[in-house]
Amino acid sequence: MSEGVLTGKTAIVTGAGRGVGREIALMMAAEGANVVVNDLGGGPEGSGADAGPAAEVVAEIEAAGGKGAANTDSVTSWSDAQNMVTQAMDTFGGIDIVVNNAGILRDVIFHKMTEEDFDVVVDVHLKGSFNVARAAGAQFRKQESGRMIHMTSTSGLIGNFGQANYAAAKLGIVGLSRSIALDMARYNVTSNVIGPFAWSRLIGTIPTQTEEEKLRVERMKRMTPAKIAPLVTALASDAAQDVTGQIFVARAGEVFLMSQPRPVRGMGRPEGWTPRQILDNALPAMRPSMTALERSSDVFSWDPV
């Protein structure tokens, strides 16, 4: 294969058997990386297991002249995450990149959401991202280099109906990534998050009962997973060493750098506040600067480029 931006690197891509993860694994391999293709092979809601998807992606990588290895460990397991890193080290002699992409959906309106609905989604997305990042982190620290790219969502960054579990996990990943970036900067390790807009089997589980929901899904179908992979691959390269702790959104042919929480407006009283003073003075002054109760589709309201 021709020289690429990841030549000689080794990457672990979780949830890489289908959708966005598959496209990331294929592009990273095309750009010269050895890729551990991790996928448990479960259903969109996390049930079952199938070794086929990971093996199929590895076969595609090898057919194109690249190097890959299939892995069916679960990101929710601390020991399985350690095993992914061990496999990368044993098979390819190193580990340079982690892409935390594995995920599931259990969409349901908040007041009907069960404890299991919440726990299993947080376990896969947030705990899974921690497990794999932490497993690779020890080696990254030792070699004083490494790239971590995690998947967030505008459902967490902005908001959406029926996704309290998913939104909480995805916004938690933003905090996790920022903390990793701060803690690991001294070891030349970067950590960034991407909110991908792309049609996938997970998005295919979104209800389409209203015309608005149907329109949203049709728009999503035009945003292919392959268009997410270039940003992920770029952030994994040596040339992106100075980019860390950031939040990006990729949407078809568009790439956005997202804002991060910072003070918008403030008021101070040296003697402190009473509840009545806050109600009469502070909140009225701040209301014009408050963030509207919007959903992702309200903010990204135009058709993708």
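What this report covers is the structure whose coordinates are included nearby.

All right, on to the overall build of the protein chain then. Assigned secondary structure in the protein chain consists of 10 helices and 8 strands. A compact globule built from 305 residues should have a C-alpha radius of gyration of about 19 Å, and the protein chain, at 20 Å, falls within 12% of that. Summarising its shape, the C-alpha atoms of the protein chain cover approximately 65 × 50 × 40 Å along the three principal directions. Counted over contacts in the protein chain with a minimum sequence separation of 6, partners at least 24 positions apart contribute 71%. Total accessible area on the protein chain is roughly 14,700 Å²; 54% of this is exposed by carbon and sulfur atoms.

This next bit is on the side chain of Thr 190. Within the element layout of this structure, Thr 190 appears in strand β6 (residues 189–197). Note on Thr 190: relative accessible area 2%, which makes it buried. Discounting chain neighbours no more than four positions away, the residues touching Thr 190 are Gly 146, Arg 147, Met 148, Ala 240, Gln 241, Val 243 and Thr 244.

It is worth spelling out the environment of Thr 72 at this point. Along the chain, Thr 72 falls in the loop between β3 (67–71) and α3 (78–92). Under the relative-accessibility criterion, Thr 72 is labelled partly exposed at 37%. In this structure, the C-alpha to C-alpha distance between Thr 72 and Gly 42, residues 30 residues apart in sequence, is 9.9 Å. In this structure Thr 72 touches Asn 38, Asp 39, Leu 40 and Ala 51, once residues within four positions along its chain are discounted.

We now examine the nonpolar core. In terms of nonpolar packing, the biggest core is built from 31 residues, with Ile 24, Met 28, Val 35, Val 37, Ile 194 and Val 232 touching the most fellow members. For this core, the secondary structure elements donating two or more residues are β1 (10–13), α1 (19–30), β2 (34–38), α2 (52–63), β4 (97–100), β5 (146–151), α8 (229–235) and β7 (247–251). Beyond its immediate sequence surroundings of up to four residues, Ile 24 is in contact with Val 13, Val 99, Met 151, Ala 229 and Val 232. The next biggest cluster of nonpolar side chains, apart from the first, holds 26 residues, and it includes Val 98, Ile 104, Ala 135 and Tyr 166.

This part covers the packing of α1 against α2. Orientation of α1 relative to α2, taken along the N-to-C sense of each, is 25 degrees, at an axis distance of 10 Å. The orientation of α1 relative to α2 falls into the category roughly parallel. In this structure, α1 meets α2 at a crossing whose hand is right-handed. Listed contacts from α2 to Arg 22, Ala 25, Leu 26 and Ala 29 of α1 are Val 57, Glu 60 and Ile 61. Among the residues forming the contact of α1 with α2, the class breakdown is 5 nonpolar, no polar and 2 charged.

Moving on to the packing of α3 against helix α4 (residues 115–143). The angle between the axes and the distance between the axes are what describe a pair of packed helices. It is at 8 Å that the axes of α3 and α4 come closest, and there the two elements cross at 45 degrees. In terms of axis orientation, α3 runs oblique to α4. In this structure, the crossing between α3 and α4 has a hand that is right-handed. Here α3 contributes Trp 78, Ala 81, Gln 82, Met 84, Val 85 and Met 89 to the contact with α4, which in turn contributes Phe 130, Asn 131, Val 132, Arg 134, Ala 135, Ala 136 and Gln 139. Here the contact of α3 with α4 is composed, by residue class, of 9 nonpolar, 3 polar and 1 charged.

Conventions we followed
- Residues numbered from 1 in each chain as written.
- Predicted model: local features only at pLDDT ≥ 70, side-chain atom pairs only at ≥ 80, totals over all residues.
- Heavy atoms only, no water.
- Helix = DSSP H or I, 4+ residues; strand = E, 2+ residues; numbered from the N terminus.
- Rg over C-alpha atoms; globule rule 2.2 N^0.38 Å.
- Contact = heavy atoms within 4.5 Å.
- Areas by Shrake-Rupley, 256 points an atom, 1.4 Å probe, with all protein chains shown as cover.
- Buried < 20%, exposed > 50% of the residue type's maximum accessible area, 1.4 Å probe, protein only.
- Core = buried A, V, L, I, M, F, W, Y, C linked by side-chain atoms within 4.5 Å.
- Axes fitted to C-alpha atoms, helices over the stretch in contact; angles between N-to-C directions.
- Parallel < 35°, antiparallel > 145°, perpendicular 65-115°, else oblique.
- Left-handed = near helix turned anticlockwise from the far one by under 90°.
- Nonpolar A, V, L, I, M, F, W, Y, C, P; charged D, E, K, R; others polar.

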